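Topology and contacts: notes
Single-letter residue listing:
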Amino acid sequence: MVKDKLIIPAGFFTSGHENNRFAPISSLWYKFQVVSASFHNFLPSLEYREHEPNFIRLLENQKRTYAEQYISGLPDKLKVRFHGYTLQDIKDRPGIICTFHSGSFRMIGHYLAENGISFVLLVSKDGLQREDELASRKYDERQRQMLGLDLIDANDSNSLFRITRELRKGKSILIYADGNTGTGDERSGHNLLSIPFLNQQIRARAGAAFISHLTSVPIYPVISTRQWKYVPCLDFFRPILPDKKLNRQVFAEQAISRIYKYLEKAVEKKPWQWEAWLYLHEHAGITNPIPEQESLPIRAEGKKKRQVRFNEQDYSFFSVYGKYFLFRKSNYQCFEIERWLYQRLIGIYMQDYAYTVAMLKRNRMGSLVTNRVVLEIQ
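Residues numbered from 1 in each chain as written. Predicted model: local features only at pLDDT ≥ 70, side-chain atom pairs only at ≥ 80, totals over all residues. Heavy atoms only, no water.

If you trace the three strands from one edge of the open sheet to the other, you get 8-9-12, paired in antiparallel fashion. Unpaired on one side and paired on the other, strand 8 (192-197) and strand 12 (284-285) mark the two borders of the sheet. Examined bridge by bridge, strand 9 (residues 200-205) and strand 12 share two bridges and lie antiparallel to one another. The partner of Ile 202 across the bridge, within strand 12, is Ala 284. Its contacts with the sheet put helix 1 (residues 29-42) on strand 8, strand 9 and strand 12, and the angle it makes with strand 9 is roughly 115 degrees. Docked against the sheet, helix 9 (residues 248-269) engages strand 8 and strand 9, running at close to 40 degrees with respect to strand 8. (Pairing = 2+ DSSP bridges. Helix = DSSP H or I, 4+ residues; strand = E, 2+ residues; numbered from the N terminus. Contact = heavy atoms within 4.5 Å. Axes fitted to C-alpha atoms, helices over the stretch in contact; angles between N-to-C directions.)

In structure tokens, the structure reads:
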């Protein structure tokens with residue numbers, strides 16, 4: 001089979017980014033600030049100067065993964081590693097194939113289909129049509145029936161019944177644990193678990209573990225990463241077997257925590273590989289607050305001009321629908337501000353004028369100094 005080449009159109013990555021610094025008017029400004037806040041909270045060891053390069057690479061990886069939806073066959077350089085078992089074990093005992101939106105995550109479905117593993121993809125309602133079109137484009141009706149490729153609406157109240165039925169037919173279920181989906185109506189939060197992740201806690205979907213315990217099928221954790229020169233790699237970690245002696249809630253907490261530990265190792269090495277940084281703030285639980293920076297003491301005695309800079313490591317600002325906000329990264333908190341202050345913050349951030357402490361105090365902005373939104377320049 002001839003492999004399709006991965007071609008990403010020029011200009012497909014980013015806009016509004018020049019000289020390695022985002023401007024507040026950039027279309028990517030808000031996204032970057034939210035992702036930077038998550039880097040700040042979950043990966044405090046990642047220096048602030050590394051936030052922007054990782055964000056840019058995250059967007060590049062996202063576009064690369066998008067393009068990989070349409071390739072036929074498998075890349076010649078694809079690496080697949082099984083830890084303690086083989087692909088045949090999944091064929092012999094179908095279960096829950098649990099993964100994340102990391103690396104080349106589209107390759108997981110491609111790999112399963114190319115190797116004759118019948119599976120059903122659990123997907124949110126708004127993605128059903130797109131996924132169905134992709135499957136139909138890649139496989140004809142005969143191939144889809146032979147592989148058993150099908151989709152289940154994760155938000156359908158009958159989804160658990162359908163999943164159980166497909167498992168009984170001998171199909172596996174492919175689930176993205178970090179997606180905003182789950183079995184049935186989760187608005188009440190009953191299917192969410194608070195688990196440790198990196199330096200904080202997150203509210204994670206527990207559907208995969210609940211299904212495993214209910215149906216007595218194994219969970220097969222899979223982590224997709226990119227190796228040197230973007231070579232995709234799939235790691236199939238040891239299956240998690242349901243333990244009926246454990247309470248379902250206890251088993252779910254242990255299983256989901258273990259799966260996220262596999263993700264942690266990949267994220268710590270290459271943060272840009274995980275797409276969910278873009279919406280991690282929606283599921284974050286801040287349990288280890290990161291201390292904010294403090295101004296260094298001014299050593300030069302009698303210095304009149306105490307100039308300031310914007311504390312972009314701990315704060316940001318943005319405009320949404322005609323309203324203006326100051327954004328504290330340590331807890332994702334937003335404070336509505338007036339337009340004139342928003343414009344002054346832009347000026348301080350862009351350093352287009354030598355703002356001083358005295359000037360801020362004279363112009364009703366002294367609180368920016370006391371709250372460390374701006375810091376004195378040494």
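Here the focus is the sheet that holds strand 14 (residues 315-320). Across the sheet, three strands lie side by side as 14-15-16; this open sheet has antiparallel pairing. The outermost strands of the open sheet, each flanked by one partner alone, are strand 14 and strand 16 (333-337). Direction aside, the axes of adjacent strands within the sheet are offset by 30 degrees on average. Against the sheet, helix 1 engages strand 14 and strand 15 (323-328), with an angle of about 145 degrees to strand 14.

In this section: helix 4 (residues 106-114). In an α-helix, one turn spans 3.6 residues, which is why side chains three or four residues apart end up on the same side. Burial within helix 4 is extensive, with eight of its nine residues counted as buried. Buried within helix 4 we find Arg 106, Met 107, Ile 108, Gly 109, His 110, Tyr 111, Leu 112 and Ala 113. The first or second residue beyond helix 4 is Gly 116, which carries a positive phi of 75 degrees. (Buried < 20%, exposed > 50% of the residue type's maximum accessible area, 1.4 Å probe, protein only.)

A few words now on helix 8 (residues 207-215). For helix 8, the tally of buried residues reaches seven of nine residues, placing the bulk of the element in the interior. What helix 8 keeps buried is the set Gly 207, Ala 208, Ala 209, Phe 210, Ile 211, Ser 212 and His 213. Lining the buried residues of helix 8 we find strand 4 (96-99), helix 7 (159-168), strand 7 (172-176), strand 9, strand 10 (219-226) and helix 9. In the stretch just after helix 8, Ser 216 is the one whose phi turns positive, near 60 degrees.

All right, on to the packing of aromatic side chains then. For any two aromatic rings, the description comes down to two numbers: the centre-to-centre distance and the angle of the planes. Applying the stated rule across the entire model yields 25 aromatic pairs. By the ring-pair criterion, three or more aromatic residues cluster together here, those being Phe 39, Phe 42, Phe 100, Phe 197, Tyr 260, Trp 274 and Trp 277. Over the face of the ring belonging to Tyr 230 we find Arg 64, whose NZ or CZ atom lies 4.1 Å from the ring centre. (Phe/Tyr/Trp six-rings, centres within 6.5 Å; stacked < 30°, edge-to-face > 60°. Lys NZ or Arg CZ within 6 Å of the ring centre and 35° of its normal.)

Time to look at unusual backbone geometry. The phi angle at Arg 364 is positive, at roughly 60 degrees, despite the residue not being glycine. Mapped onto the elements, Arg 364 comes out in the loop between helix 11 (357-362) and helix 12 (366-370).

A separate point is empty space enclosed by the protein. In the structure shown here, the tally under the stated rule is three cavities of 30 Å³ or more. Estimates place the volume of the second largest cavity at around 120 Å³. Lining the second largest cavity are 14 residues, with Ala 177, Asp 178, Arg 203, Tyr 260 and His 283 positioned closest to its centre. Ranked by residues supplied to the lining of the second largest cavity, first place goes to strand 9 with four residues. (1 Å grid on protein atoms, 1.4 Å probe; cavity = no way out; pocket = protein on both sides within 12 Å on 5 of 7 lines; lining within 4 Å. Points joined across faces, edges and corners; volume = space filled by probe spheres on them.)

The geometry of helix 7 relative to helix 8 is characterised by a closest axis approach of 11 Å and an angle of 55 degrees between their N-to-C directions. Comparing their axes, helix 8 and helix 7 come out oblique. In this structure, helix 7 meets helix 8 at a crossing whose hand is right-handed. For the pair formed by helix 7 and helix 8, the contact residues are Leu 160, Ile 163, Thr 164 and Leu 167 on the first element and Ile 211, Leu 214 and Thr 215 on the second. The class makeup of the residues in the contact of helix 7 with helix 8 is five nonpolar, two polar and no charged. (Parallel < 35°, antiparallel > 145°, perpendicular 65-115°, else oblique. Left-handed = near helix turned anticlockwise from the far one by under 90°. Nonpolar A, V, L, I, M, F, W, Y, C, P; charged D, E, K, R; others polar.)

Here the focus is the pattern of salt bridges. Inspection of every chain in the model, using the stated rule, returns nine salt bridges. Residues Arg 81 and Asp 235 are paired through a salt bridge, measuring 2.9 Å at the closest nitrogen-oxygen approach. A residue pair is termed long-range when its members are at least 10 positions apart, and Arg 81 in strand 3 (residues 79-82) and Asp 235 in strand 11 (residues 232-236) qualify at 154 residues. Close ionic contact of Glu 376 with Arg 306 constitutes a salt bridge, the shortest N to O distance being 2.7 Å. Of the two residues, Glu 376 is situated in strand 17 (residues 374-376) and Arg 306 in the loop between strand 12 and strand 13 (308-310); the sequence distance between them amounts to 70 residues. Where salt bridges share partners, they join Glu 47, Arg 49 and Glu 50 into one cluster. (Salt bridge = Lys/Arg side-chain N within 4 Å of Asp/Glu carboxyl O.)

The quantities given are spatial measurements derived from coordinates; they are silent on function.
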